[in-house]
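# Structural overview for review
As a plain string of letters, each chain reads:
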Amino acid sequence: MSNPIRDEFRAGLARGDLLIQKCNDCGKVNMYPRHACPYCQSLSLGWHKSTGIGVLHSFTVLRAGAPEGFEADLPYALGVVKLDEGVQLLARLVPDPDGNWQSYQCDARVQFRPVAPESATPRPCAWFEPSAG
Amino acid sequence: MADTWPLHIDANAPNDPVFVGVGELPSGRYPERNFIGDLTHVGLLALADARMVPRDVDTILLIPCLHSPFDQADLIFSRMAEELGLLGHLKSSFMVHSGGSTSDNAVRLASGLIASGHARTVLVLHCERWGSADLNAMVTMLSKYGIPNEWEAPTGLQFNAIGALITRRYMHATQSSAADMASFCVTLRKWAQLNPNAMYRGKPLTVEKVLASKVVADPLHALECPMLADGAVAFVMTSAENAKVRGLDTVRVAGSGGSVSHYSVGQEPDLAALGWATAARRAYEQSGWGPKDAQIAQIYDTYAAVTTIAVEGLGFCKPGEGARWFASGAADPGGKMPCNTNGGMLSAGHTGVGGGTALLVEGVRQLLGRAGPERQVTDVQRCIVGGTGGSYMDAQVLLLERRTKGRPS
């Protein structure tokens with residue numbers, strides 16, 4: 001099914017960019033991308049490349065009961081990230097070097113981690129890691 | 001513009017919509033039962049409880065099943081009119097659906113139909129066959145329902161992970177301990193020991209046992225997650241005038257409030273608050289009630305944090321104290337504010353969209369004084385019912401009040 005906003009968002013991920021939607025009329029950013037601006041209802045919507053910096057609102061490590069097609073990924077971590085631009089999204093979290101996620105804390109700073117285009121294709125979602133800054 | 005307004009009907013109006021009967025079949029794994037059979041039997045139980053027969057019903061509302069789209073289609077396309085012998089008699093039959101909050105919305109809808117005269121007597125039916133369904137197929141289905149396909153499905157999100165995201169944030173925001181969270185499950189299990197229809201009757205639980213079970217989605221342990229169950233519940237609503245003519249005790253809806261706070265779990269601004277404070281304020285403003293005006297509560301409980309957040313929003317305890325409030329025994333049998341007196345979804349069984357309906361039915365049953373000698377709470381006049389659907393997208397509050405022969409009792 002044709003869905004340009006989905007495809008453009010995913011093309012951004014494959015290029016290593018986290019795109020957030022920005023209204024060409026009122027200038028407000030919003031996530032997830034919409035078909036009309038939720039603030040002014042404009043149909044003229046564009047993209048803004050996020051700095052990829054934000055805080056981790058919450059996270060979990062799923063250890064059992066993966067959805068179909070995700071069984072081999074277990075265990076894996078998911079988090080809700082509040083970006084500094086004022087929008088938020090659900091993302092995967094990069095494991096620590098020991099393969100666990102002990103370094104993650106609620107309200108800690110996290111940053112977007114670009115992944116290789118081949119990884120972004122089967123799993124078109126954003127990845128985050130603890131902030132270096 | 002004000003976001004609350006009064007009910008346009010008062011308690012003494014002849015068209016005030018009221019509950020007059022409930023029915024339920026045991027929850028758990030019942031492969032020997034079947035979908036249409038259970039719907040038929042539970043409907044007849046609810047009608048008998050209301051001292052009615054099928055031909056007293058003019059409208060049937062169906063609460064959806066999730067185990068099969070084909071069985072769900074039978075709900076959409078009036079099969080129960082045929083099964084109950086109502087062809088040519090029934091005015092209307094249709095399905096209502098907002099996931100876990102369906103029962104709250106079904107009550108609003110039935111109330112509106114009755115108050116306006118579009119219906120006089122409404123039978124609301126639910127049956128789920130999750131306990132006997134293929135578990136892997138249900139996990140896959142539940143990983144696609146209520147999760148935005150474009151934005152969140154690619155992460156591998158599923159239902160326990162959603163519960164875990166809420167639980168983690170709640171524990172962080174309130175500094176609640178793992179033992180505090182587990183104590184909620186123990187409270188429910190105590191109630192389940194008193195409910196012959198509960199899946200986990202005869203299976204006591206301790207905090208230690210919960211915390212010793214394996215972690216499935218940090219910080220959630222396996223025994224903090226609901227078990228999919230077969231089950232069936234039904235209730236009957238009619239006009240106060242019709243109930244009076246028939247000499248029936250009733251339960252009226254004193255008010256309701258709701259708040260839709262997200263669709264995608266990743267778009268919830270505060271996973272430790274959700275929509276509960278707004279929903280509660282709206283319900284209290286509509287009814288003139290406060291949290292101290294009810295004696296019991298029945299609140300959706302797929303995960304402890306879902307309910308601890310709700311009781312904080314509803315004002316049963318101070319903000320941030322919900323888990324410790326449950327740990328204190330406040331909601332236990334004999335506690336100052338009994339909650340989820342059927343054992344809730346975590347101990348009576350998660351019957352899908354019907355889990356919230358079973359809680360609603362338990363509230364009505366308690367108000368009618370029909371909860372049986374083991375778990376009937378004494379002197380119950382008012383009950384607060386709370387529901388939520390999808391990825392806890394909404395908070396819905398119904399305020400229910402007992403009437404005896406049309407009067408407060």
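Conventions we followed
- Residues numbered from 1 in each chain as written.
- Chains lettered and ligands numbered in written order.
- Predicted model: local features only at pLDDT ≥ 70, side-chain atom pairs only at ≥ 80, totals over all residues.
- Heavy atoms only, no water.
- Helix = DSSP H or I, 4+ residues; strand = E, 2+ residues; numbered from the N terminus.
- Rg over C-alpha atoms; globule rule 2.2 N^0.38 Å.
- Buried < 20%, exposed > 50% of the residue type's maximum accessible area, 1.4 Å probe, protein only.
- Contact = heavy atoms within 4.5 Å.
- Areas by Shrake-Rupley, 256 points an atom, 1.4 Å probe, with all protein chains shown as cover.
- Lys, Arg positive; Asp, Glu negative; His and termini not counted.
- Charge placed at Lys NZ, Arg CZ, Asp CG, Glu CD.
- Pairing = 2+ DSSP bridges.
- Axes fitted to C-alpha atoms, helices over the stretch in contact; angles between N-to-C directions.
- Parallel < 35°, antiparallel > 145°, perpendicular 65-115°, else oblique.
- Left-handed = near helix turned anticlockwise from the far one by under 90°.
- Nonpolar A, V, L, I, M, F, W, Y, C, P; charged D, E, K, R; others polar.
- Phe/Tyr/Trp six-rings, centres within 6.5 Å; stacked < 30°, edge-to-face > 60°.
- Lys NZ or Arg CZ within 6 Å of the ring centre and 35° of its normal.
- Salt bridge = Lys/Arg side-chain N within 4 Å of Asp/Glu carboxyl O.

### Notes on the overall build of chain B
- Helix and strand counts for chain B come out as 15 helices and twelve strands.
- Relative to the compact-globule value of 22 Å for 409 residues, chain B shows a C-alpha radius of gyration of 20 Å, a close match.
- Residues classed as buried in chain B amount to 65% of the 409 residues present.
- For chain B, contacts bridging at least 24 residues in sequence account for 76% of all contacts bridging at least 6.
- Of the roughly 14,300 Å² that chain B leaves accessible, carbon and sulfur atoms contribute 55%.
- Distance between charge centroids for chain B: 5 Å, based on 35 positive and 38 negative side chains.

### What about the pairing of strand 6 (residues 88-93) of chain A?
All names here are of chain A.
- Judged by how many residues are buried, strand 6 sits mostly within the fold: six of six residues are covered.
- Sheet topology note: the strand 5 (residues 76-83)/strand 6 ladder contains six bridges and is antiparallel. The residue of strand 6 that forms the bridge with V80 is L90.
- In sequence, strand 5 turns back onto strand 6 through a hairpin of four residues, with G86 there showing a positive phi of about 100 degrees.

### Overview of the environment of B:E321
Residues and elements named next belong to chain B.
- Structurally, E321 is set in the loop between helix 11 (304-313) and helix 12 (322-327).
- The class of E321 is partly exposed, set by a relative accessible area of 30%.
- With 249 residues separating them in the primary sequence, E321 and Q72 have C-alpha atoms 40 Å apart.
- Contacts of E321, omitting those with residues within four sequence positions, involve Y170 and E312.

### Observations concerning the packing of helix 10 (residues 276-287) of chain B against helix 11 of chain B
Residue and element names in this part refer to chain B.
- The N-to-C vectors of helix 10 and helix 11 enclose an angle of 45 degrees; their axes lie 8 Å apart at closest approach. By the angle between their directions, the pair helix 10 and helix 11 is classed as oblique. Considering how the two elements wind past one another, helix 10 and helix 11 form a crossing that is right-handed. Contacts between helix 10 and helix 11 involve W276, A277 and A280 from the former and V306, I309, A310 and G313 from the latter.
- For the contact of helix 10 with helix 11, the residue count by class is six nonpolar, one polar and no charged.

### Brief notes about the packing of aromatic side chains
- Within the structure shown, the criterion is met by nine aromatic pairs over all chains.
- The interplanar angle of 45 degrees and the centroid separation of 6.3 Å between the aromatic rings of A:F59 and A:Y104 together place this pair among those described as tilted. Of the two residues, A:F59 is situated in strand 4 (residues 53-62) and A:Y104 in the loop between strand 6 and strand 7 (109-112); the sequence distance between them amounts to 45 residues. Assigned by exposure class, A:F59 and A:Y104 land together as buried.
- Ring plane angle 50 degrees and centroid distance 5.4 Å describe the contact between B:F19 and B:F235, whose orientation is recorded as tilted. Residue B:F19 is located in strand 1 (residues 17-28), and its partner B:F235 is located in strand 7 (residues 230-239); the two are separated by 216 residues in the primary sequence.
- A connected cluster of aromatic rings, assembled from ring pairs, spans B:F184, B:F316, B:W325 and B:F326.
- Positioned above the aromatic ring of A:F70 is the side chain of A:R123, whose terminal nitrogen or guanidinium carbon lies 3.9 Å from the ring centre.
- Sitting above the plane of the A:F59 ring, B:R168 keeps its charged end 3.9 Å from the centroid.

### Remarks on unusual backbone geometry
- Residue A:M31 is joined to A:Y32 through a cis peptide bond whose omega torsion reads -10 degrees.
- Following the sequence through the fold, A:Y32 ends up in the loop between strand 2 (29-30) and strand 3 (45-49).
- A cis amide bond, omega -15 degrees, links A:L74 with the succeeding residue A:P75.
- Locating A:P75 in the fold gives a position in the loop between strand 4 and strand 5.
- The phi angle at B:Q175 is positive, at roughly 55 degrees, despite the residue not being glycine.
- Along the polypeptide, B:Q175 turns up in the loop between helix 6 (159-174) and helix 7 (178-192).
- Judged by relative accessible area, B:Q175 falls into the exposed class, the value being 60%.

### Re the pattern of salt bridges
- Scanning the model with the defined rule gives 28 salt bridges over all chains in all.
- A:D17 serves as the salt-bridge partner of A:R15, at 3.5 Å between the closest nitrogen and oxygen.
- Judged by relative accessible area, A:R15 falls into the exposed class, the value being 54%.
- Three or more residues are tied together by salt bridges with common partners; here these are B:D3, B:R281, B:R282 and B:E285.

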